[in-house]
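Read off the chains here:
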Amino acid sequence: MELDRKLAILADAAKYDASCASSGSYRKRADGGIGNTEGMGICHSYTPDGRCVSLLKLLLTNYCIYDCSYCVNRISSDTPRARFTPEEVVNLTLNFYKRNYIEGLFLSSGVIQTPDYTMEQLISVARQLRETHKFGGYIHLKAVPAASPELYRQAGLWADRLSANIELPVDQELRTLAPAKRHTEIEGAMIQIKGGILEAKDKTNREGKSPHFAPAGQSTQMIVGATPAPDATVLQKASQLYKKHKLRRVYYSAFSPIPHADPGLPIEKPPMIREHRLYQADWLIRFYGFDVNEITPTTAPDLPLDKDPKLAWALRHREFFPIDVNKAPRAALLRIPGIGVRNVDRMLKSRRFRALRLEDLARLRVSIAKARYFITTADHNPDAFQIDTVKLPQRFQPEAQQLSLFTAVTGEL
Amino acid sequence: MAILEVPAQDFASWRTAARKLIRQGATPLEVHWLDGTSDAAQGLLAGLEAAPPEDDASKATTTTKVPREFLSLAETVSCFRDPQRWNLLYELLWRLSHGEPHLLDDPADPLVRKLRVMEKAVRRDAHKMHAFVRFREAADGAMVAFHKPDHHIVRREADFFVRRFGAMNWAILTPDECAYWDQKQLRFGPGLPRESAPSEDEVEDLWLTYYGSIFNPARANLTAMTAEMPVKHWSTLPESKLINGLLRTAGDRMYEMIRKQPSSAASFVPSDTTSLKVLQQAACNCQGCELYEHATQTVFGEGLRKARLMLVGEQPGDQEDQQGAPFVGPAGKVLNEALEAAGIDRADAYVTNAVKHFRFEERGKRRIHKKPDGRHISACKPWLEAEIALIKPKVIVCLGATAAQSLVGRDVRIMQDRGKWMDSLHAPNLMVTVHPSALLRLPPGMSYEEEFTKFVRDLRLATEEVNAPLSNA
Ligand code: SF4
Ligand code: SF4
């Protein structure tokens, strides 16, 4: 098969993985080699769906022995199949990198023969890039669940990031849709990877240096909208994974209709807004001091689609407001709708010099339209008196439906 | 009050001049900075060249103290493409050294805010340069890019490309200034037009293929895209020529994806029945996939409503298709013999197939069995699931790979996995073994007797499990 055709098939098949991050790794260029990473990820292009193109995202092959019904590559799908040789992937990566199209490679694969065999193939690509070609760019490898622990160890030596996808928030749902997969196996891979990362850190602490081991950590992906699990369940699983396995990121992927789909799955347009709200909630949990149960209490297990989760929380907890922006501690400021982490830090700085007025906040890029009802400032803020009126929720027009994934990813609320 | 006209060409020259002016006590209102790129400044600069260069070091002791943060801010802002930047920087420097040393800590100050915005714009432009420079391979093997930054950032950012692409010869051409790297030294030269860069590169075609393939038409969102990849950069990005086409066809492709959703038996399965008979009658009218078009009739499962053992085959064959019952042809004969040898009364079991219509190819007058595709198996699965849900067998035996694919959900290797109990959601016990028709087509060298015995052994295992007392029940 022509390389061009293979590329089309195996890139197309890889596009359902949401992760494209290339940040969090520092790797100096090797002498005579090409490529480095400097901590910050770079998006080299954007596709018309607003998604960033940072890595060359490919499957080594889309043949697969499994039958996960949400996946276009499952064995029962009649999609066209192709398989790269490891060398073809190596050359594509180098050629693209030298032209500055990409930050590196994100390589995944359908499972061929056995999980071990598949994992070995992925490792061989990464090893060739690093050893033979002294490639210093970013490498993200998929950790195939149920492979031997030793293989995850090897993968971590070459890769910047590893990811084992949890796929669905509930094990029982996973077993129905992906009969061959188990949360225990997937989390087993996460545990191995975490072990490797901690060991490398420990060694660095003791001996000042250790070989790289997945310096950009591990991430995972959850598909939303393919099963009835509510947002509360999704977020609970995510926060459990963050805690247990020290994940850097959980990606939420709105279930997207796939060609040759399993007939049992929903076929509407993917729930993009829901995905966006989940990212916002995820940020609230990680950086704003919110607990899952505050964002999705049992009385409202799904995030509202028409307002962001912080605003929704604030409207449910008006007793908490108004907040005096000149006196409140950081944790309280973080709970004001329309004010993000960066806003809060700027406010705290500025507060030492002046008593903050509404116009100061505007200059600090606070979303006044949202925040004004929840704060008191040095000047008179008449809107603060509306906090207890029944009409308050109507003040907030549902946001425009066109969402930028970028805002979701940076998570400023 | 006399206004001083001072030229500033780059950060270094502004800094030298600004230091001197601060020491002289020149207020911001008294100084008018001329941008080095403007005509007036060029004239002034030309006049200055004759003057003896100022000896900066000798005056170092009287240097104005400014926070380091100011220097980094000023250095960045000096790249901003606006002649006003020098005046604004001087105003800030003046205030920092005249009673407001902590001014930079107050991000809400209007002047600070303004300069921060400029700083951010330069940073963003630098970031976009790292991202959007596109090299093409020139005839001599060097990699050459043409890029159009918003601000004067070529010098500032060239080092990024050295760090990354140190082991290749490259050039970045811009209309203002160009940077060249030969693996040893970085040089700068005057600006060049786009035509000076190569006009094509073979690898670019693969890049375009890649770009077109990773776009998910179900998620089209142009606003988000142009926010990050402003249209002004499109002219130097090869992939931008695909954008309009991709968007134009996104709706169609999305529709196509949905249209390609294979049909399924699901909508034909009555949801609220507890009667096998009703189920069977409904299946007679199934059009869940195209197989009904050519086959004679639906061949539904047969057997005991309360069977504890369920046998699942692949699909009806020629005989079954004509008679309307499962396992009545040659393979059925083998199955009956094996069941008997295993001590199982077929009347106690429930026998069915993963696919309920006969798939075949016509060769002359004969209809040759053709293995069902994945889509037939999944289209027909709702019937099988409905049968299982009603009968609730204690043991399911999958006869052959098709049944296994339908119920186990992975590529089971029959020869390896036969006779083993597998984890399944469909029944407490599930096993795979060969399809009896395999015994009729044994490759040379394999003995029927031996294979038959193995088949019987598997079936016996199944019946033992059927009769075993429920554990922990
Ligand atoms: S194992 Fe991976 S590639 Fe294979 S069907 Fe499941 S999700 Fe798809
Ligand atoms: S093979 Fe199954 S799904 Fe297809 S038409 Fe027949 S009964 Fe329906």
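Residues numbered from 1 in each chain as written. Chains lettered and ligands numbered in written order. Predicted model: local features only at pLDDT ≥ 70, side-chain atom pairs only at ≥ 80, totals over all residues. Heavy atoms only, no water.

## Some thoughts on the site of ligand 2
Here is step 1 of the chain: What surrounds ligand 2 is the set B:Ala265, B:Cys286, B:Gly288, B:Cys289, B:Tyr292, B:Val355, B:Lys356, B:His357, B:Ala379, B:Cys380 and B:Trp383.
Here is step 2 of the chain: Residue classes in the shell around ligand 2 are distributed as eight nonpolar, two polar and one charged. (Near = heavy atom within 4 Å. Nonpolar A, V, L, I, M, F, W, Y, C, P; charged D, E, K, R; others polar.)

## Thoughts on the domain arrangement of chain A
Here is step 1 of the chain: Segmentation of chain A into domains returns domain 1 (3-217) and domain 2 (309-395).
Here is step 2 of the chain: Computed over C-alpha atoms only, the centres of domain 1 of chain A and domain 2 of chain A are separated by 42 Å. (Domains from an automatic or database assignment.)

## What to know about the packing of aromatic side chains
Here is step 1 of the chain: Scanning the model with the defined rule gives 29 aromatic pairs over all chains in all.
Here is step 2 of the chain: On the numbers, 5.4 Å between centres and 75° between planes, the contact of A:Trp313 with A:Phe320 is edge-to-face.
Here is step 3 of the chain: On the basis of relative accessibility, which here comes to 3%, the residue A:Trp313 falls in the buried class.
Here is step 4 of the chain: Classification of A:Phe320 by relative accessible area gives partly exposed; the value is 34%.
Here is step 5 of the chain: Ring plane angle 65° and centroid distance 6.0 Å describe the contact between B:Phe161 and B:Trp170, whose orientation is recorded as edge-to-face.
Here is step 6 of the chain: Chaining the aromatic ring pairs together yields one cluster made of A:Tyr97, A:Phe135, B:Phe135, B:Phe160, B:Phe161, B:Phe165 and B:Trp170.
Here is step 7 of the chain: Here the basic side chain of A:Arg249 rests over the ring of A:Tyr251, its NZ or CZ set 4.7 Å away from the ring centre.
Here is step 8 of the chain: A cation over a ring is seen here: B:Arg155 above B:Phe188, with NZ or CZ 4.4 Å from the ring centre. (Phe/Tyr/Trp six-rings, centres within 6.5 Å; stacked < 30°, edge-to-face > 60°. Buried < 20%, exposed > 50% of the residue type's maximum accessible area, 1.4 Å probe, protein only. Lys NZ or Arg CZ within 6 Å of the ring centre and 35° of its normal.)

## Quick word on the interface of chain B and chain A
Here is step 1 of the chain: Facing 79 residues of chain B, the contacting portion of chain A comprises 83 residues.
Here is step 2 of the chain: Of the roughly 7,100 Å² buried where chain B meets chain A, counting both sides, 57% is carbon and sulfur surface.
Here is step 3 of the chain: Of all residues in chain B, the largest losses of buried area upon contact with chain A belong to B:Arg164, B:Tyr210 and B:Arg219, amounting jointly to 12% of the total for that side.
Here is step 4 of the chain: At the junction of chain B with chain A, the criterion picks out seven salt bridges.
Here is step 5 of the chain: Close ionic contact of A:Arg99 with B:Asp201 constitutes a salt bridge, the shortest N to O distance being 2.8 Å.
Here is step 6 of the chain: Linking chain B to chain A there are 26 residue pairs in polar contact (both at pLDDT 80 or more).
Here is step 7 of the chain: Mapped onto the side of chain B that touches chain A, the elements with two or more residues apiece are helix 5 (110-132), strand 3 (135-137), helix 6 (154-165), helix 7 (203-214), helix 8 (222-228), helix 9 (240-259), helix 13 (374-391) and helix 14 (401-408) of chain B.
Here is step 8 of the chain: Per-element tally for the side of chain B that touches chain A: the top contributor is helix 7 of chain B, with 10 residues.
Here is step 9 of the chain: Considered class by class, the residues forming the side of chain B that touches chain A number 40 nonpolar, 16 polar and 23 charged. (Contact = heavy atoms within 4.5 Å. Buried area = accessible area lost by both parts, 1.4 Å probe. Salt bridge = Lys/Arg side-chain N within 4 Å of Asp/Glu carboxyl O. Polar contact = N/O pair within 3.5 Å; in protein donor to acceptor, adjacent residues only side chain to side chain. Helix = DSSP H or I, 4+ residues; strand = E, 2+ residues; numbered from the N terminus.)

## Here's the deal with helix 14 of chain B
Side chains of residues three or four places apart in an α-helix project in the same direction, reflecting 3.6 residues per turn.
All names here are of chain B.
Here is step 1 of the chain: Most of helix 14 is tucked away: seven of the eight residues are buried.
Here is step 2 of the chain: Looking only at helix 14, the buried set comprises Thr 402, Ala 403, Ala 404, Gln 405, Ser 406, Leu 407 and Val 408.
Here is step 3 of the chain: If you follow the buried residues of helix 14, they end up packed against strand 9 (309-313), helix 13, strand 13 (395-399), strand 14 (421-422) and strand 15 (429-433).
Here is step 4 of the chain: Of the residues flanking the end of helix 14, it is Gly 409, one or two places downstream, whose phi is positive at about 75°.

## What about the packing of helix 3 (residues 68-77) of chain B against helix 4 (residues 85-97) of chain B?
Residues and elements named next belong to chain B.
Here is step 1 of the chain: Two elements in contact, helix 3 and helix 4, have axes whose closest approach is 10 Å; the angle formed by their N-to-C orientations is 170°. The orientation of helix 3 relative to helix 4 falls into the category roughly antiparallel. Listed contacts from helix 4 to Phe 70, Leu 73, Ala 74 and Val 77 of helix 3 are Arg 85, Leu 89, Leu 92, Leu 93 and Leu 96.
Here is step 2 of the chain: When its residues are assigned to classes, the contact of helix 3 with helix 4 shows eight nonpolar, no polar and one charged. (Axes fitted to C-alpha atoms, helices over the stretch in contact; angles between N-to-C directions. Parallel < 35°, antiparallel > 145°, perpendicular 65-115°, else oblique.)

## Things to note about the side chain of A:Lys6
Residue and element names in this part refer to chain A.
Here is step 1 of the chain: Relative to the helices and strands, Lys 6 is located in helix 1 (residues 3-12).
Here is step 2 of the chain: Within polar-contact distance, the side chain of Lys 6 engages the side chain of Glu 88 at 2.9 Å.
Here is step 3 of the chain: Not counting the four nearest positions on each side in its chain, Lys 6 is found in contact with Met 1, Ala 82, Arg 83, Phe 84 and Glu 88.

## Considerations on the pattern of salt bridges
Here is step 1 of the chain: What the rule picks out here adds up to 56 salt bridges over all chains.
Here is step 2 of the chain: Among the salt bridges present, the one from A:Arg354 reaches A:Asp360, with a minimum N-O distance of 3.7 Å.
Here is step 3 of the chain: A relative accessible area of 3% places A:Asp360 in the buried class.
Here is step 4 of the chain: The shortest N-O distance in the salt bridge between B:Glu157 and B:Arg156 comes to 2.7 Å.
Here is step 5 of the chain: Each of A:Arg354, A:Arg357, A:Glu359, A:Asp360, A:Arg363 and B:Asp106 takes part in one network of salt bridges that share partners.

## Structural notes on the sheet that holds strand 10 (residues 349-353) of chain B
All names here are of chain B.
Here is step 1 of the chain: Spatially, the six strands line up as an open sheet ordered 8-10-9-13-15-14, and their pairing is mixed. Edge strands, defined here as strands with exactly one partner in the open sheet, are strand 8 (302-303) and strand 14.
Here is step 2 of the chain: Two strands pair when backbone bridges link them, and strand 14 and strand 15 are joined in this way by two bridges, in the antiparallel orientation. Bridged to Trp 421 within strand 15 is Met 431.
Here is step 3 of the chain: Relative to strand 10, helix 13 is tilted by about 170°, and along the sheet it contacts strand 9, strand 10 and strand 13. (Pairing = 2+ DSSP bridges.)

## Focus on the confidence of the model for chain B
As a general rule, the predicted coordinates of low-pLDDT regions are not to be interpreted in detail.
All names here are of chain B.
Here is step 1 of the chain: Within chain B, residue pLDDT values average 88, and 91% of them lie at 70 or more.
Here is step 2 of the chain: Considering only residues more than four positions removed or in separate chains, one finds that residues 48-62, a stretch of pLDDT under 50, has nine contacts.
Here is step 3 of the chain: Interface scoring of the predicted complex returns ipTM 0.85; its pTM is 0.77. (pLDDT = per-residue confidence, 0-100.)

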